[in-house]
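Survey of secondary and tertiary structure
These are the residues of each chain, in order.
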Amino acid sequence: MKKICRYLSPLLIVALVLGSLPVAAAPMNPGSDLVTTQDVLNAERSQGDRERIHAVLARDDVQEQLVAQGVDPAEVEARVAALSDAEAAQMADQLEQLPAGASVVGALFAVFVILLVTDILGLTNVFPFTR
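Residues numbered from 1 in each chain as written. Predicted model: local features only at pLDDT ≥ 70, side-chain atom pairs only at ≥ 80, totals over all residues. Heavy atoms only, no water.

1. Quick look at helix 4 (residues 73-82)
Three or more residues of helix 4 are buried, namely Val 76, Arg 79 and Val 80. Along helix 4, the residues classed as buried sweep out an arc of 100° about the axis, all on the same side. Every exposed residue of helix 4 that faces more than 90 degrees away from the buried side is listed here: Ala 74, Ala 81 and Ala 82. (Buried < 20%, exposed > 50% of the residue type's maximum accessible area, 1.4 Å probe, protein only. Helix = DSSP H or I, 4+ residues; strand = E, 2+ residues; numbered from the N terminus. Arc of directions from axis to C-beta.)

Shown next as structure tokens:
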């Protein structure tokens, strides 16, 4: 029995060490964590919010009002793309809560407020009266 243990013990040790090598060689980067279901749902909701905002801003009457107010529609699109997920969700919720006839005015007001806040923070240079 001692003779079998003498030969079997090193083989088992080698098997355990070789079996644990792929786990030890796995990258330990902080960004390589597993993606949770909540993260996926939040990403989908964020994408849906941005699509709703772009749908409102793509309407012809909204585009006309933006141009009438002196705002470049391309700059508005860039600002919407730069919104955080929370800001996009808030803006999309505000667009949904507006009555049917006031959606254009509400959307323009929301865009104006976003442009005003970013201009006051010094991120943009749209309105000259904020200096």
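2. Some details on the pattern of salt bridges
What the rule picks out here adds up to five salt bridges. Asp 49 is paired through a salt bridge with Arg 52; the nearest N and O atoms lie 2.5 Å apart. Residue Asp 49 and its partner Arg 52 are located together in helix 2 (residues 37-57), separated by three residues, close to a single helical turn. Note on Arg 52: relative accessible area 31%, which makes it partly exposed. Ionic pairing is found between Arg 50 and Asp 85, a salt bridge with its closest N-O pair at 3.3 Å. (Salt bridge = Lys/Arg side-chain N within 4 Å of Asp/Glu carboxyl O.)

3. Some points on helix 5 (residues 85-97)
The terminal C-alpha atoms of helix 5 lie 18 Å apart, and with 13 residues this matches the ideal 18 Å at 1.5 Å per residue to within 8%. Taken as a whole, helix 5 has its buried residues at Ala 88, Ala 89, Met 91, Ala 92 and Leu 95. Down the axis of helix 5, the buried set is contained in an arc of 165°. They therefore lie on one face. The exposed residues of helix 5 that point more than 90 degrees off its buried face are Ala 86 and Gln 97. (Expected span 1.5 Å × (residues − 1).)

4. Notes on the packing of helix 2 against helix 4
Between helix 2 and helix 4, the shortest axis-to-axis distance is 11 Å and the interhelical angle comes to 170°. For the element pair helix 2 / helix 4, the angle class is roughly antiparallel. Note on packing geometry: the crossing formed by helix 2 with helix 4 is right-handed. Contacts between helix 2 and helix 4 involve Arg 50, Ile 53, His 54 and Leu 57 on the former and, on the latter, Val 76, Glu 77, Val 80 and Ala 81. Split into classes, the residues belonging to the contact of helix 2 with helix 4 amount to five nonpolar, one polar and two charged. (Axes fitted to C-alpha atoms, helices over the stretch in contact; angles between N-to-C directions. Parallel < 35°, antiparallel > 145°, perpendicular 65-115°, else oblique. Left-handed = near helix turned anticlockwise from the far one by under 90°. Contact = heavy atoms within 4.5 Å. Nonpolar A, V, L, I, M, F, W, Y, C, P; charged D, E, K, R; others polar.)

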